[in-house]
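Structural features, examined
Here is what each chain is made of, one letter per residue.
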Amino acid sequence: MQRVSTTLRMRIGVLGALALLFAAGLTASPMMTAPAHAAYGPCNTTVKRADGYLASYTVPARTDNGTSCYMQYHTGSSNAVKTLQTAILRCYSGTYAADRIRATGGADGIYGTGTVDAVRWLQSMLGLSADGVYGPATRNAIKWLGYWQDAVNGGVYPYCDTHSF
């Protein structure tokens, strides 16, 4: 049996170390560690959606990306955040989520600690990752405040329901 030279062992060791460093560099790069919601961009507006013939609701959105957007602490336009806060206050009245928003300024359009806590609580209750960041998964799971118009008497009635986008 032939002995492997010291030089060859050293070369193999250096190549192995370089391979490990290269692999570590790929998994620790900013592209690999950026949060999934970063691909959507922050919610900067709202859109009105129709739900059936005489019903509609408003949800946070992004001008160039539809309803695929995110909001987190101090992120999101005032009207987008206010729409989320209003939905939580009306559709989850009497829960910890609504209480946190009410206790920290109500539907004030600021995604502050109260809104983060409210979203985190809702996510936990709905079986989602409870990170306090509003994104597509949270949007599809929570109830939204809608308005239904009675075709007979013309009255407009609020309702809460989940919607998939």
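Because the structure is a prediction, the values reported are computed rather than measured.

1. Let's talk about the sheet that holds strand S3 (residues 143-149)
The strands making up a sheet associate through backbone hydrogen bonding, with each pair oriented either parallel or antiparallel. Strand order across the open sheet formed by four strands is S1-S2-S3-S4, with antiparallel pairing between neighbours. Where the open sheet ends on each side, the last strands, each with one partner, are strand S1 (45-50) and strand S4 (156-162). Looking at each pair of strands side by side, their axes are set apart by 30° on average, direction ignored. Where S1 lies against strand S2 (residues 55-61), six bridges are found, and the strand directions are antiparallel. Paired with Ala50 across the strands is Ser56, a residue of S2.

2. Remarks on the environment of Gly66
Within the secondary structure, Gly66 sits in the loop between S2 and helix H3 (78-91). Owing to a relative accessible area of 30%, Gly66 belongs among the partly exposed residues under this scheme.

3. Describing the pairing of S4
For S3 and S4, the ladder comprises seven bridges, and the chain directions are antiparallel. Its bridge partner being in S4, Leu145 is matched across the sheet by Cys160. With antiparallel pairing between neighbouring strands as the criterion, S3 and S4 make up a hairpin whose turn holds six residues, including Gly154 at a positive phi of roughly 80°.

4. Re the state of the cysteines
As enumerated under the stated definition, the model contains two disulfides in all. Two residues share a disulfide in this structure: Cys43 and Cys69, whose sulfurs sit 2.1 Å from each other. Disulfide Cys43-Cys69: torsion about the S-S bond near 85°, hence right-handed. Here Cys43, found in the loop between helix H2 (30-33) and S1, pairs with Cys69, found in the loop between S2 and H3; they are 26 residues apart in sequence, far enough to count as distant. For the residue pair Cys43 and Cys69, the accessibility class agrees, reading buried in each case.

5. Regarding the packing of aromatic side chains
Scanning the entire structure with this criterion turns up three aromatic pairs. Measuring from ring centre to ring centre gives 6.4 Å for Tyr96 and Trp121, while their planes differ by 50°; the resulting arrangement is tilted. Of this pair, Tyr96 sits in helix H4 (residues 96-103) while Trp121 sits in helix H5 (residues 113-125), and the two are 25 residues apart along the sequence.

6. Topic: H5
The terminal C-alpha atoms of H5, which comprises 13 residues, lie 18 Å apart, in line with the 18 Å expected from a rise of 1.5 Å per residue. Burial in H5 covers these residues: Gly114, Thr115, Val116, Ala118, Val119, Leu122 and Gln123. Buried residues along H5 sit in contact with H3, H4 and helix H6 (136-141). Of the residues one or two after H5, Gly127 is the one with positive phi, at around 80°.

7. So, the nonpolar core
Most often, soluble globular proteins keep nonpolar side chains buried together rather than apart. One finds Met71, Leu84, Ile88, Tyr111, Tyr134 and Trp144 to be the most contacted residues of the largest nonpolar core, which totals 25 residues. Elements that contribute at least two residues to this core include exactly S2, H3, H4, H5 and S3. With seven residues, the single largest contributor to this core is H3. Once residues within four sequence positions are removed from consideration, Tyr111 is found in contact with Met71, Gln72, Tyr73, His74, Thr75, Val81, Leu84, Val116, Val119, Gly132, Val133 and Tyr134.

8. A closer look at the side chain of Thr75
Relative to the helices and strands, Thr75 resides in the loop between S2 and H3. In this structure Thr75 touches Pro42, Tyr70, Val81 and Tyr111, once residues within four positions along its chain are discounted.

How each quantity is defined
- Residues numbered from 1 in each chain as written.
- Predicted model: local features only at pLDDT ≥ 70, side-chain atom pairs only at ≥ 80, totals over all residues.
- Heavy atoms only, no water.
- Pairing = 2+ DSSP bridges.
- Helix = DSSP H or I, 4+ residues; strand = E, 2+ residues; numbered from the N terminus.
- Axes fitted to C-alpha atoms, helices over the stretch in contact; angles between N-to-C directions.
- Buried < 20%, exposed > 50% of the residue type's maximum accessible area, 1.4 Å probe, protein only.
- Disulfide = S-S within 2.5 Å.
- Phe/Tyr/Trp six-rings, centres within 6.5 Å; stacked < 30°, edge-to-face > 60°.
- Expected span 1.5 Å × (residues − 1).
- Contact = heavy atoms within 4.5 Å.
- Core = buried A, V, L, I, M, F, W, Y, C linked by side-chain atoms within 4.5 Å.

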